[in-house]
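# Architecture at a glance
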Amino acid sequence: MSNNAINLIARNEFANIIRHPLVIITIVALCAIIIVNGAGSHWLLFVLKNMGIKEVFMLGVSNAFTNTSVVLSFLALCLGIISVAGERSNGSLRVLLTKPLYRRDVIVGKYLGINAVILTLATFTLMISVASIMVSYGGPESPQMILSMAFYIFLLYIFCSLMSGLMLLVSILFRDISMALILSMSFLYLVWFVDIPMSLQNVWMVSPVLQYFTVANGLLTPQSSFIQWFENALPWIVLMIFETIIIFLMNCFLFNREES
Amino acid sequence: MMDNILIVAKKEFSNLMSSSFVVIFLAVFTFILFISLYHLHDMSTDKDMVFNYSLMGFLSSQLYVLAKYGSMVGIAIGFLVIYIEKQKGAINTLLVKPLYRDDIINGKLLGATVFILCVLLFSSVIYTAGLLLLFGNFLGPLVFDYLIRLPIVLFIALLFVLIFFSFSLLVSLVIKNDAFALFFTILSWILIIYVFPNVAFSSNLSLVLSGGYSISQYNLEALIVSISPITTIIKIGAECPDVLNVFSSNWSDLVILFLYLLITCILSYIVFIRRDVA
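Rules used throughout
Residues numbered from 1 in each chain as written. Chains lettered and ligands numbered in written order. Predicted model: local features only at pLDDT ≥ 70, side-chain atom pairs only at ≥ 80, totals over all residues. Heavy atoms only, no water. Helix = DSSP H or I, 4+ residues; strand = E, 2+ residues; numbered from the N terminus. Buried < 20%, exposed > 50% of the residue type's maximum accessible area, 1.4 Å probe, protein only. Areas by Shrake-Rupley, 256 points an atom, 1.4 Å probe, with all protein chains shown as cover. Lys, Arg positive; Asp, Glu negative; His and termini not counted. Charge placed at Lys NZ, Arg CZ, Asp CG, Glu CD. 1 Å grid on protein atoms, 1.4 Å probe; cavity = no way out; pocket = protein on both sides within 12 Å on 5 of 7 lines; lining within 4 Å. Points joined across faces, edges and corners; volume = space filled by probe spheres on them. Nonpolar A, V, L, I, M, F, W, Y, C, P; charged D, E, K, R; others polar. Phe/Tyr/Trp six-rings, centres within 6.5 Å; stacked < 30°, edge-to-face > 60°. Expected span 1.5 Å × (residues − 1). Bend = angle between axes of the 7 residues up to and from the residue. Contact = heavy atoms within 4.5 Å. Buried area = accessible area lost by both parts, 1.4 Å probe. Salt bridge = Lys/Arg side-chain N within 4 Å of Asp/Glu carboxyl O. Disulfide = S-S within 2.5 Å. Patch = residues over 30% accessible without salt bridge, like charges linked within 9 Å, V, L, I, M, F, W, Y side chains within 5 Å. Core = buried A, V, L, I, M, F, W, Y, C linked by side-chain atoms within 4.5 Å. Axes fitted to C-alpha atoms, helices over the stretch in contact; angles between N-to-C directions. Left-handed = near helix turned anticlockwise from the far one by under 90°. Polar contact = N/O pair within 3.5 Å; in protein donor to acceptor, adjacent residues only side chain to side chain.

### So, the overall build of chain A
- Each helix and strand in chain A was counted, giving 10 helices and 0 strands.
- The secondary structure elements of chain A, listed N-terminal to C-terminal, are α-α-α-α-α-α-α-α-α-α.
- Evaluated residue by residue, chain A yields a buried proportion of 55% over its 260 residues.
- Just so you have it, chain A exposes about 11200 Å², and 67% of that area is on carbon and sulfur atoms.
- The averaged location of the 11 negative side-chain charges in chain A is 10 Å from the averaged location of its 12 positive side-chain charges.

Structure representation (structure tokens):
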């Protein structure tokens, strides 16, 4: 495995993705949602503060949490598809594979490139969100919130990385881009938009969205201390990281096997 | 001329029917219907929840499920109608035949509409069978009343699904890159169905536009939420006392849905007539 080759592919992937029109449109949509939330906080957070609610700053951030999470996870799904199925359909993947590169370098480079974009966007989303609330309301009430927000970026990143990894897997398994697109639509609907019966909640914990919500909800709407939250959330965080690594290894294995 | 439209419609219908995507749609739709039925069953057995056994309750939940996932199916079909033609190069062949472009788009719209109706009909049969299995004691004596109301539920769901189908068709015609066109349509769907009706977003937007809490802010919030057609579907389900009276009691909501459909259809029509698709 050549680090130089992986680095080059990752940088190229990052540059390609970040200029993609879909990423630009999604960033515009995210900014609109976040700025509306920030501007609305000018009235909402003061009302909540007057009602005696503590740590309203975090409530302001969490108000945009569901909307930004769904848009960002959708983008992560798209990146997984654009990166392999999209390039396979327009022929650029074939050109890349004729170069003196190992296939595993190609898939690792692509995965790192996508992850770099996701991390950049997750950080950007939270920065804009915090900045807009700071302008309209004021700073966070306690320094612990900064730690919570850093963890939130990490969670959002792991969640989106898992989603893009899954779609990368679909793109590798189904060579036809239209099939990958239709499957990604169905997957997005199933994990985000189906109302789950209470008695199926335990079974449905296999869904990355439910795992993410279980962990992130406690972080953004603090009912307990950060340490308590961390103790409860740690098994889920480890599970999400474990799933991401497994999916990544499966992607590498299956992409390598295509050669033979 | 009518013959040409029917020929194109038949071809479109058979293209969609023979596509392997149909199996995925139907499998996912069936799974979602089972989850929805299980949800209803859960609510009826939960002592803490007040479950309203009513004919309209069952029909409105069916309308909501058919419309919500159906709209996703509509988007996929709108995309596939153009994608399959582009892949096979069939549209070029079709355009050199002595056919008006109007006939092609009318035929495609007709064929896809019949296909969507078939998908909704199939889903409705499964949902009804599930309802009879789970709530047979209640629904058994009312089965005739249920069945005469079902076509109206299907009509409203079809109207809703066609809005997203024609929007997807429009975007696929305007944007040359297939994947980008589909992603753009889904992003729009998320914003329309999920973000706009979301209380956090609509209340913040109305606060910003009206400059603080006031009567006008509440009116504005209601207006923002009502922009989404899914709000109209929920409103019909919640407010209409009997779906048989929907044309008299909720006619304005149906007009809104019809207008959305008309606008997207006319735009698709204009774009198809004026642009060279290939």
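Don't stop here, the text continues.
### What about the layout of surface pockets?
All names here are of chain B.
- Approximately 540 Å³ is the volume found for the largest pocket.
- For the largest pocket, the lining is made up of 26 residues, of which Leu-40, Ser-60, Ser-61, Tyr-64 and Val-65 are closest to its centre.
- Sorting the residues of the lining of the largest pocket by element identifies α2 (21-45), α3 (55-88) and α10 (229-239) as the ones contributing at least two each.
- With 8 residues, α3 is the largest single contributor of residues to the lining of the largest pocket.
- Of the residues belonging to the lining of the largest pocket, the class tally is 16 nonpolar, 8 polar and 2 charged.

### With respect to empty space enclosed by the protein
Residues and elements named next belong to chain A.
- Per the counting criterion, the structure on display carries 5 cavities of 30 Å³ or more.
- If you trace the second largest cavity, you find it lined by Ile-34, Val-61, Ala-64, Phe-65, Thr-68, Thr-125, Leu-126, Ser-129 and Tyr-152.
- Only α4 (65-90) and α6 (103-136) provide two or more residues apiece to the lining of the second largest cavity.
- The biggest single contributor to the lining of the second largest cavity is α6, with 3 residues.
- Its residues placed into classes, the lining of the second largest cavity shows 6 nonpolar, 3 polar and no charged.

### Some remarks on the packing of aromatic side chains
- This structure, assessed with the given rule, holds 32 aromatic pairs over all chains.
- Aromatic pair Trp-192 of chain A and Phe-213 of chain A: ring centres 5.5 Å apart, planes at 80 degrees, arrangement edge-to-face. Here Phe-213 of chain A lies in helix α9 (residues 208-220) and Trp-192 of chain A lies in helix α8 (residues 177-192), a separation of 21 residues in the sequence. Comparing Trp-192 of chain A with Phe-213 of chain A shows no difference in burial state: the two are buried.
- Geometrically, the ring pair formed by Phe-79 of chain B and Tyr-83 of chain B is stacked, given 5.2 Å between the ring centres and 25 degrees between the ring planes. On the criterion of helical spacing, the pair formed by Phe-79 of chain B and Tyr-83 of chain B is a turn pair, its members being 4 residues apart in helix α3.

### Examining α3 of chain B
Residue and element names in this part refer to chain B.
- Between its first and last C-alpha atoms α3 spans 47 Å; for 34 residues at 1.5 Å apiece the expected length is 50 Å, and the two agree.
- Along its length, α3 reaches its greatest deviation from straightness, about 30 degrees, at Gly-70.
- Buried residues dominate α3, accounting for 29 of its 34 residues.

### Points about the interface of chain B and chain A
- Listed by partner, the interface residues are 42 residues for chain B and 46 residues for chain A.
- Carbon and sulfur atoms supply 81% of the area that chain B and chain A bury against each other, a total of about 4000 Å² over both sides.
- Among the residues chain B hides against chain A, the three largest losses belong to Phe-183, Leu-187 and Tyr-194 of chain B. Together they make up 16% of the total.
- Across the chain B-chain A interface, the total number found is 0 salt bridges.

### Considering the state of the cysteines
- Counted according to the given criterion, the structure contains 0 disulfides over all chains.
- Free of any disulfide, Cys-78 of chain A has its nearest neighbouring cysteine sulfur in Cys-160 of chain A, separated by 11 Å.

### Here we look at α6 of chain A
- The end-to-end C-alpha distance of α6 of chain A is 50 Å, a good match for the 50 Å that 34 residues give at a rise of 1.5 Å each.
- Within two residues after α6 of chain A, Gly-138 of chain A carries a phi angle of roughly 140 degrees, on the positive side.

### Details of the pattern of salt bridges
Residues and elements named next belong to chain B.
- Applying the stated criterion across every chain, the model contains 4 salt bridges over all chains.
- A salt bridge links Arg-149 to Asp-145; the shortest N-O distance between them is 4.0 Å. Of this pair, Arg-149 and Asp-145 both sit in helix α6 (residues 143-174), 4 residues apart, roughly one helical turn.
- Since its relative accessible area comes to 10%, Arg-149 is described here as buried.
- A salt bridge links Asp-253 to Lys-235, with the nearest nitrogen and oxygen atoms 3.2 Å apart. Of this pair, Asp-253 sits in helix α12 (residues 251-274) while Lys-235 sits in helix α10, and the two are 18 residues apart along the sequence.

### Observations concerning a nonpolar patch on the surface
All names here are of chain B.
- Among the surface-exposed residues, Trp-251, Val-255, Phe-258, Leu-259, Leu-262, Ile-263, Ile-266, Leu-267 and Ile-270 lie close enough to one another that they form a single nonpolar patch of about 840 Å² accessible area.
- As for its position among the elements, Phe-258 is in helix α12.
- Phe-258 gets classed as partly exposed once you look at its relative accessible area, which sits at 46%.

### Description of the nonpolar core
- Of all hydrophobic cores here, the largest spans 180 residues; its most connected members are Trp-192 and Tyr-212 of chain A together with Ile-77 and Ile-156 of chain B.
- With 20 residues, α3 of chain B is the largest single contributor of residues to this core.
- Trp-192 of chain A has contacts with Thr-66, Ser-69, Val-70, Ser-73, Phe-159, Met-163, Val-209 and Phe-213 of chain A together with Tyr-194 of chain B, leaving out every residue within four places of it along the chain.

### Points about the packing of helix α7 (residues 144-173) of chain A against α8 of chain A
All names here are of chain A.
- Running from N to C, α7 and α8 point in directions that differ by 145 degrees, and their axes come no closer than 10 Å. The handedness of the crossing between α7 and α8 comes out as right-handed. Across from Phe-159, Met-163, Leu-166, Met-167, Val-170 and Ser-171 in α7, the residues of α8 making contact are Ala-180, Leu-183, Ser-184, Phe-187, Val-191 and Trp-192.
- Looking at the contact of α7 with α8 residue by residue, the classes come out as 10 nonpolar, 2 polar and no charged.

### Considerations on the environment of Asn-202 of chain A
- Of note, Asn-202 of chain A is situated in the loop between α8 and α9.
- Through-space distance from the C-alpha of Asn-202 of chain A to that of Tyr-152 of chain A is 24 Å; in sequence the pair is 50 residues apart.

### Considering the side chain of Ser-164 of chain A
All names here are of chain A.
- Locating Ser-164 in the fold gives a position in helix α7.
- Separated by 3.0 Å, the side chain of Ser-164 and the backbone oxygen of Ser-161 make a polar contact.
- Apart from residues no more than four positions distant in its own chain, Ser-164 is found in contact with Ala-76, Gly-80, Ile-114 and Ile-118.

### Some remarks on the environment of Thr-232 of chain B
All names here are of chain B.
- Here Thr-232 lies in helix α10.
- Once the C-alpha coordinates of Thr-232 and Ile-256 are considered, the two residues, 24 residues apart in sequence, prove to be 8.2 Å apart.
- Contacts of Thr-232, omitting those with residues within four sequence positions, involve Asp-253 and Leu-257.

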